[in-house]
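Summary of the model geometry
Below are the chains, spelled out letter by letter.
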Amino acid sequence: MMASHAQLILVINCGSSSLKFALYSTDQRGPLLSGLAECLGQADASMRIDADGARVKTSLDGANHAGALAALTRELDARGLLKGIAAVGHRVVHGGERFTASALITPDVIAGIEACVPLAPLHNPANLIGIKAAIAALPGVRQVAVFDTAFHQTMPKAAYLYALPLAYYRDLGVRRYGFHGTSHRYVAAEAVRELGLDPLDHGIVIAHLGNGASATAVLNGRSVDTTMGLTPLEGLVMGTRAGDVDFGALLYIARRTGVDLDGLDTLLNRKSGLLGLSELSNDCRTLVAAAEEGNQQAADALDVFVHRLARHIGGLATSLPRLDAVIFTGGIGENSAPIRAKTLGRLKSLGIELDADANAGIFGGKRGLISTGRTPAALVVPTDEEWMIAEDTADLAGLKAEMAAQ
């Protein structure tokens, strides 16, 4: 139950046709409720709410984002929670170089997010829809933007510049920005506490592995290198994204097949990665099961995924004066013991030794060491981006009550 003095924070994550949400109280760690509105703008639009151990799903009758948020506010009002909302936190994918930290939303901040639309044309417009709908639905309530890219703004030039004519960076902002920053920031702090590291003297590499995947080198709590670039396409093999590809290979494909730029965009973002290699699925669980049953393409897809991941972890370690730990998080990182084991098997040169029994027992929200007592350590830490957004929102909105400690 919520204490009478507690204040509520609504966290919103808008996709192009979805709206993910969670409601937090400043006096407890977990959400009071959470849910997802999906297929927005379509006839089968619906919303589910998870609260008090129960799930309620309702039709939204083709509602758009504004309609979904209106339905959510009605539901919160019916539960006696709406009047307690003191602030709303929004995930925003791209903040460019302007936003180096989360920000209280003002007209100038909205203009800044709009200016970053060319850098994230699939994501920022949806984020803006959520912001504007929330402002309309909850007038007078403070709103905060939490940027995926902000954590990586501490990278040095050597890590973020592309070896292109510098005018493209100067005039168009073409550089490496990195993503999953909210997750990496949360997991970095949790790992320091879990391992008893010095907050001012440590070096770790975090692998956030899900349908989207990235790895980041963190030095003393600051991002110094990461795998994603101008967009979330660069770097690791992902569910449907190719990650690193020789651009010459793309030129060759385009010249041989006649595919245009939009076609290459679709190829790289939606038809590649684990799905493209396996020709079966983008879901790691499906591929692990298929590989165990003898499906060679599934096995090959996983091997490419692991090879690329281990190679990038090794490369990121060179951005650190020493490596204290490798941290796994995200849906795959938290739950796939086989992927973790295969990856660490390729990192023996870094001195990491797998504890097979510990590794097998970490899944479903558990956390803990999966290595022997030697350094570097290997650790699994479940991520919680919504909580990180709620914490930032509480700070910037000036709420008096402190967010409850975990």
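A brief look at the structure comes next. (Residues numbered from 1 in each chain as written. Predicted model: local features only at pLDDT ≥ 70, side-chain atom pairs only at ≥ 80, totals over all residues. Heavy atoms only, no water.)

**Concerning the overall build of the protein**
- Across its full length, the protein carries 15 helices and 14 strands.
- The C-alpha radius of gyration of the protein comes to 21 Å, within 12% of the 22 Å expected for a compact globule of 406 residues.
- Considering only C-alpha atoms, the protein reaches an extent of 55 × 55 × 45 Å along its principal axes.
- Here the protein, with 406 residues, has 51% of them falling under the buried criterion. (Helix = DSSP H or I, 4+ residues; strand = E, 2+ residues; numbered from the N terminus. Rg over C-alpha atoms; globule rule 2.2 N^0.38 Å. Buried < 20%, exposed > 50% of the residue type's maximum accessible area, 1.4 Å probe, protein only.)

**Overview of a nonpolar patch on the surface**
- A cluster of nonpolar residues, Leu164, Tyr168 and Leu172, forms a patch on the protein surface that exposes about 320 Å² of accessible area.
- Within the secondary structure, Leu172 sits in helix α5 (residues 166-172). (Patch = residues over 30% accessible without salt bridge, like charges linked within 9 Å, V, L, I, M, F, W, Y side chains within 5 Å. Areas by Shrake-Rupley, 256 points an atom, 1.4 Å probe, with all protein chains shown as cover. Salt bridge = Lys/Arg side-chain N within 4 Å of Asp/Glu carboxyl O.)

**Here we look at the nonpolar core**
- Ranked by internal contacts, the top residues of the largest apolar core, which has 41 residues, are Leu209, Phe305 and Phe328.
- Mapped onto this core, the elements with two or more residues apiece are β9 (203-209), β10 (213-219), α10 (284-292), α11 (296-317), β12 (325-329), α13 (337-345) and β14 (377-380).
- Ignoring sequence-local partners within four residues, the contact set of Leu209 consists of Leu236, Phe305, Leu309, Phe328, Thr329, Gly330, Gly331, Ile332 and Gly333.
- Grouped together as the second largest cluster of nonpolar side chains are 30 residues, Ala86, Leu197, Ala377 and Ala397 included. (Core = buried A, V, L, I, M, F, W, Y, C linked by side-chain atoms within 4.5 Å. Contact = heavy atoms within 4.5 Å.)

**Let's talk about the pattern of salt bridges**
- With the rule as written, the count across this model stands at 18 salt bridges.
- Between Arg322 and Asp201 there is a salt bridge; the shortest N-O distance is 3.1 Å. A residue pair is termed long-range when its members are at least 10 positions apart, and Arg322 in the loop between α11 and β12 and Asp201 in the loop between α6 (181-195) and β9 qualify at 121 residues.
- For Arg285, the salt bridge is made with Asp283, and the minimal N-O distance between the two is 2.8 Å.
- For Arg285, a relative accessible area of 66% gives the class exposed.
- One salt-bridge network, held together by shared partners, links Glu190, Arg193, Glu194 and Arg367.

**Quick word on the environment of Thr149**
- Residue placement: Thr149 occurs in the loop between β8 (142-147) and α4 (157-160).
- Only 2.9 Å separates the side chain of Thr149 from the backbone nitrogen of Gly95, close enough to count as a polar contact. (Polar contact = N/O pair within 3.5 Å; in protein donor to acceptor, adjacent residues only side chain to side chain.)

**Overview of the sheet that holds strand β4 (residues 46-51)**
- Ordered in space as β5-β4-β3-β2-β1-β6-β8-β7, the 8 strands form an open sheet in which the pairing is mixed. Every other strand in the sheet has two partners, leaving β5 (54-59) and β7 (103-104) as the edge strands with one partner each.
- In this sheet, strand β6 (residues 85-92) lies alongside strand β1 (residues 8-14) in parallel orientation, the contact comprising 5 bridges. Note on β6: the bridge partner recorded for Leu8 is Ile85. (Pairing = 2+ DSSP bridges.)

**Describing the sheet that holds strand β11 (residues 222-226)**
- Strand order in the open sheet formed by 6 strands is β11-β10-β9-β12-β14-β13, with mixed pairing between adjacent strands. Pairing within the sheet leaves two strands with one partner each, and these edge strands are β11 and β13 (368-369).
- In this sheet, β10 lies alongside β9 in antiparallel orientation, the contact comprising 7 bridges. Its bridge partner lying in β10, Ala207 is registered against Ala215.
- Lying on the sheet, α6 is in contact with β9, β10, β12, β13 and β14; it crosses β9 at an angle near 130°. (Axes fitted to C-alpha atoms, helices over the stretch in contact; angles between N-to-C directions.)

**Quick word on the state of the cysteines**
- Following the criterion strictly, the structure yields 0 disulfides and no others.
- Cys39 provides the cysteine sulfur closest to Cys14, a residue in no disulfide bond, and the two sulfurs are 14 Å apart.
- Cys14 sits in the buried class, given a relative accessible area of 5%. (Disulfide = S-S within 2.5 Å.)

**A word on the pairing of strand β2 (residues 19-25)**
- Among the 7 residues that make up β2, 6 are buried, leaving the element largely enclosed by the rest of the structure.
- Direction of pairing for β1 relative to β2: antiparallel, over a ladder of 7 bridges. Residue pairing for β2: Leu10 is matched across the bridge by Leu23.
- Following β1, the chain reverses through 4 residues before pairing antiparallel with β2.
- As paired elements, β2 and strand β3 (residues 33-38) share 5 bridges and run antiparallel to each other. Bridging across to β3, Leu23 finds its partner in Leu33.

**Here's the deal with the pairing of β6**
- Burial analysis of β6 places 7 of its 8 residues in the buried class, which makes it a mostly covered element.
- Two elements, β6 and β8, share 6 bridges in a ladder whose sense is parallel. When the sheet's bridge partners are listed, Ala87 is paired in β8 with Arg142.

**Digging into the side chain of Arg308**
- The topology assignment puts Arg308 in helix α11.
- No salt bridge is formed by the buried Arg308; its nearest oppositely charged neighbour, Asp244, is found at 4.7 Å.
- Once residues lying within four places of it in the same chain are set aside, the contact partners of Arg308 are Gly235, Leu236, Val237, Ala242, Gly243 and Asp244. (Lys, Arg positive; Asp, Glu negative; His and termini not counted.)

**Observations concerning unusual backbone geometry**
- Backbone torsion omega between Thr375 and Pro376 reads 5°, so that peptide bond is classified as cis.
- Inspection of the secondary structure puts Pro376 in the loop between β13 and β14.
- Phi angles above zero are rare outside glycine, and Asp52 is one such case at about 55°.
- Within the element layout of this structure, Asp52 appears in the loop between β4 and β5.
- Overall, Asp52 belongs to the exposed group, its relative accessible area being 76%.
- Of note in this structure, Asn220 is not a glycine but carries a positive phi near 55°.
- Take Asn220: it is sitting in the loop between β10 and β11.

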